[in-house]
Amino acid sequence: MKQVYLLASGDLRESANQACWPAQSTMEYALTMAASNNGAEIIRAHAFSPDRGHGFIASQREGMDVFRDLPPDAALIIAQSAWQYSHHVLPGLSHHNGPILTVANWSGQWPGLVGMLNLNGSLTKASVSYATLWSVDFTDDFFLRGFRTWLQTGALLHTVDHVRDDFEVPDHLAKIAQDVAEKIRRDKLIMGVFDEGCMGMFNAIIPDHLLHPTGIFKERLSQSALYYETTQVPEGEGRAVLDWLEARGMQFRFGEDETTELTHSQVVWQGRMYVAAVRMANEYGCDAIGIQYQQGLKDLLPASDLVEGLLNNSERPPVLDTFGQEIKPGQPVIHFNEVDECSGLDALLTNRVQAALGLPVETTLHDVRWGDEDRDGDAGFVWVFEISGATPPAHHVDGFAGSVGHRQPPMYFRLGGSTLAGVAKPGSIVWSRIFVEGNALHMDIGTGQALGLSKGETQRRLDATTPQWPIMHAQLDGIDRDKLMARHKANHVNVVYANDAKSALDAVLCRAALAQALGIKVHLAGI
């Protein structure tokens, strides 16, 4: 191919698009040079806007208008150096007839890799064919070989021989899985969904006809109801949540400027939201809930991250129902961040299996944010798993005492709110992802380790990404950087701790058997 059209999907929030534009511009220049060196011309499909201060597609309508004027069989590159809303370009890509290549810069600065993985997962769910690549500077052999192949053929396949579908489950684990599956189908479970489709994440919405056969159903709730219930919680109850956290050693980086710093008022509002969320989950009989929060709620209240991290922890501030009884004492109120229903389904299965095996039940999702060599030790390549705000303190070094509340970055959250940050403790983990492909539910699952890196290396990685957010230093068994990127169908990955490598493998096999019993296609990855 001689000509390739380049598109850049962006955030809905103009402040984020403006902040991320310099990195995007640098990436596009490098891609243009790589194409030119291989005899191809890159044509930008939509112009930079001086008035807006960026060249991203910033809405679904804008994306549709861009595609309207493109040749329907043109070769396309979707270039991402920042977080993006997949629905900005998914309608056009769904109807496009030409070859599609998604590309991300290998950098932690902005979540470009995260954005590309979300788009890849959305394209997979939509049954749209695409190729995908990633690079630090677009001059390395891995990238150039793949790029040349795509330019010449319009297609590119990566090796994913770390994935297998054939495995045996020991009888005692199969029995546990069967018992759990029968109980789920008999009793039924409810996922409370506070507004679907966070930030255009088409891949995060499970169609009802795929979910219902598992015995799990959605209770569709509204963030406006959560807002109202939050306002009905007395300020004293919100302040009691803050007092409870500080009594357990959690530190908050408080300031006085509401526009740029974390304030007591913001955290008290988050405490009120936490109480409201627990009560609403109880009222509707929800076994898990997901709060969208990035759209709508963020303009009314401080970010819900602190709430979400607390919900997923077994030890959390007590909340009483209308009869004065504590709601689910000593148990998480399972929450799936950014209302990612695939993560919510996964978290429910994880919780039941971990409990049956006597393993820790606290689970969370993370963004697959970035990865790099350990520059202050000999650990080799280590992933940065980093969700945008909160993880359960049970995952952190020193628990609550090792947890810190920072103000969410103003470019994303005008009204602030505390994160629930910390460094993930070393230990054996199980990682997984449920995704939709070919009108069916699939699960990739494997084992790994959360590592303890040096203080200096940890800070380097935080500074290279978003230091206000929680971080896990992760290595995945049997999977290198490029194999995960080639296979993974989402921006998110679920993680849960095991006691050791053996119990992690037991948890994998038991959850695999449970998923199969519920009609989910299971793929072991790296083991």
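Reading guide: rules and limits
- Residues numbered from 1 in each chain as written.
- Predicted model: local features only at pLDDT ≥ 70, side-chain atom pairs only at ≥ 80, totals over all residues.
- Heavy atoms only, no water.
- Pairing = 2+ DSSP bridges.
- Helix = DSSP H or I, 4+ residues; strand = E, 2+ residues; numbered from the N terminus.
- Axes fitted to C-alpha atoms, helices over the stretch in contact; angles between N-to-C directions.
- Contact = heavy atoms within 4.5 Å.
- Salt bridge = Lys/Arg side-chain N within 4 Å of Asp/Glu carboxyl O.
- Buried < 20%, exposed > 50% of the residue type's maximum accessible area, 1.4 Å probe, protein only.
- Core = buried A, V, L, I, M, F, W, Y, C linked by side-chain atoms within 4.5 Å.
- Expected span 1.5 Å × (residues − 1).
- Arc of directions from axis to C-beta.
- Disulfide = S-S within 2.5 Å.
- Phe/Tyr/Trp six-rings, centres within 6.5 Å; stacked < 30°, edge-to-face > 60°.
- Lys NZ or Arg CZ within 6 Å of the ring centre and 35° of its normal.
- Patch = residues over 30% accessible without salt bridge, like charges linked within 9 Å, V, L, I, M, F, W, Y side chains within 5 Å.
- Areas by Shrake-Rupley, 256 points an atom, 1.4 Å probe, with all protein chains shown as cover.
- Lys, Arg positive; Asp, Glu negative; His and termini not counted.
- Charge placed at Lys NZ, Arg CZ, Asp CG, Glu CD.
- Polar contact = N/O pair within 3.5 Å; in protein donor to acceptor, adjacent residues only side chain to side chain.
- Left-handed = near helix turned anticlockwise from the far one by under 90°.

This part is about the sheet that holds strand 10 (residues 288–291). Spatial ordering of the open sheet is given by 8-7-10, a layout of three strands whose pairing is parallel. Only two strands of the sheet have a single partner each, and these edge strands are strand 8 (216–221) and strand 10. Sheet twist, expressed as the mean angle between neighbouring strand axes with direction ignored, is 20 degrees. Sheet topology note: the strand 7 (residues 189–194)/strand 8 ladder contains six bridges and is parallel. Bridge pairing links Phe194 to Leu221 in strand 8. Against the sheet, helix 12 (residues 341–357) contacts strand 7, strand 8 and strand 10, and its axis sits at roughly 145 degrees relative to strand 7.

What follows deals with the pattern of salt bridges. Following the criterion strictly, the structure yields 31 salt bridges and no others. Ionic pairing is found between Lys483 and Asp161, a salt bridge with its closest N-O pair at 3.1 Å. Taken together, the residues Lys483 in helix 14 (residues 481–487) and Asp161 in the loop between helix 5 (141–153) and strand 6 (163–164) connect sequence positions 322 residues apart. Since its relative accessible area comes to 23%, Lys483 is described here as partly exposed. Residue Glu196 pairs with Lys218 through a salt bridge whose shortest N-O separation is 2.7 Å.

What follows concerns the nonpolar core. Ile216, Leu345, Leu349 and Leu514 are the most contacted members of the largest nonpolar core, which totals 52 residues. For this core, the secondary structure elements donating two or more residues are helix 6 (171–187), strand 7, helix 7 (208–211), helix 12, strand 14 (427–437), strand 15 (440–450), helix 15 (501–517) and strand 18 (521–525). No other element matches helix 15, which puts nine residues into this core. Setting aside chain neighbours within four positions, we find Leu514 in contact with Ala177, Val180, Ala181, Ile184, Leu349 and Val353. Counting 50 residues, the second-largest nonpolar core is a separate cluster that includes Phe56, Leu226, Ile289 and Ala303.

Along its 13 residues, helix 9 (residues 235–247) runs 18 Å from first to last C-alpha, staying within 8% of the 18 Å computed at 1.5 Å per residue. Three or more residues of helix 9 are buried, namely Gly238, Val241, Leu242, Trp244 and Leu245. Looking down the long axis of helix 9, one finds its buried residues gathered within 160 degrees of arc, a one-sided arrangement. Those residues of helix 9 hidden inside the fold are in contact with strand 9 (251–252), helix 10 (264–283) and helix 11 (305–311). Positive phi shows up at Gly249, right after helix 9, with a value of about 100 degrees.

What follows deals with the environment of Thr364. Along the chain, Thr364 falls in strand 11 (residues 363–373). Residue contacts for Thr364: discarding those within four places in its chain leaves Asn337, Ala390, Thr391, Pro392, His395, Val493, Asn494 and Val495.

A separate point is the state of the cysteines. Inspection of the entire model under this criterion finds zero disulfides. In this structure Cys286 is a free cysteine whose sulfur lies 18 Å from that of Cys198, the closest cysteine sulfur available. Residue Cys286 is classed as buried on the basis of its relative accessible area, which comes to 9%. With no disulfide of its own, Cys342 lies closest to Cys198 among cysteine sulfurs, the gap being 13 Å.

This part takes up the packing of aromatic side chains. Taken as a whole and judged by the stated rule, the model has 13 aromatic pairs. On the basis of an interplanar angle of 85 degrees and a centroid distance of 5.2 Å, the ring pair of Phe381 and Trp383 is categorised as edge-to-face. Aromatic ring contacts, followed pair by pair, group Trp106, Phe381, Trp383 and Phe385 into a single cluster. Taking NZ or CZ as reference, Arg272 lies 4.1 Å from the ring centre of Trp269, over its face.

Right, let's talk about helix 10 for a bit. The first and last C-alpha atoms of helix 10 sit 29 Å apart over 20 residues, in line with the 28 Å expected at 1.5 Å per residue. In terms of burial, helix 10 is a largely internal element, 14 of the 20 residues being buried.

A separate point is the sheet that holds strand 1 (residues 3–7). The strand order 2-1-3-4-5 describes an open sheet built from five strands, whose pairing is parallel. Two strands lie at the open edges of the sheet, namely strand 2 (41–44) and strand 5 (131–135), each paired on one side alone. With strand direction ignored, the average angle separating the axes of adjacent strands in the sheet is 30 degrees. Here helix 5 sits on the sheet in contact with strand 1, strand 3 (75–80), strand 4 (100–105) and strand 5, set at roughly 150 degrees to strand 5.

So, about unusual backbone geometry. Even without being glycine, Ser127 reaches a positive phi, approximately 60 degrees. Structurally, Ser127 can be placed in the loop between helix 4 (112–125) and strand 5.

Next up on the list: a negative patch on the surface. The grouping of Glu256, Asp257, Glu258 and Glu261 at the surface amounts to a negative patch. Residue Asp257 is classed as partly exposed on the basis of its relative accessible area, which comes to 34%.

So, on to the side chain of Gln292. The residue Gln292 is located in the loop between strand 10 and helix 11 in this model. At 3.4 Å, the side chain of Gln292 forms a polar contact with the backbone oxygen of Glu196.

Attention now moves to the packing of helix 8 (residues 223–232) against helix 10. For the pair helix 8 and helix 10, interaxial distance at closest approach is 8 Å and the crossing angle is 115 degrees. Taken as a pair, helix 8 and helix 10 cross one another with a handedness that is right-handed. Every residue of helix 10 that contacts helix 8 at Ala225, Leu226, Glu229, Thr230 and Thr231 is listed here: Trp269, Arg272, Met273, Ala276, Ala277 and Met280.

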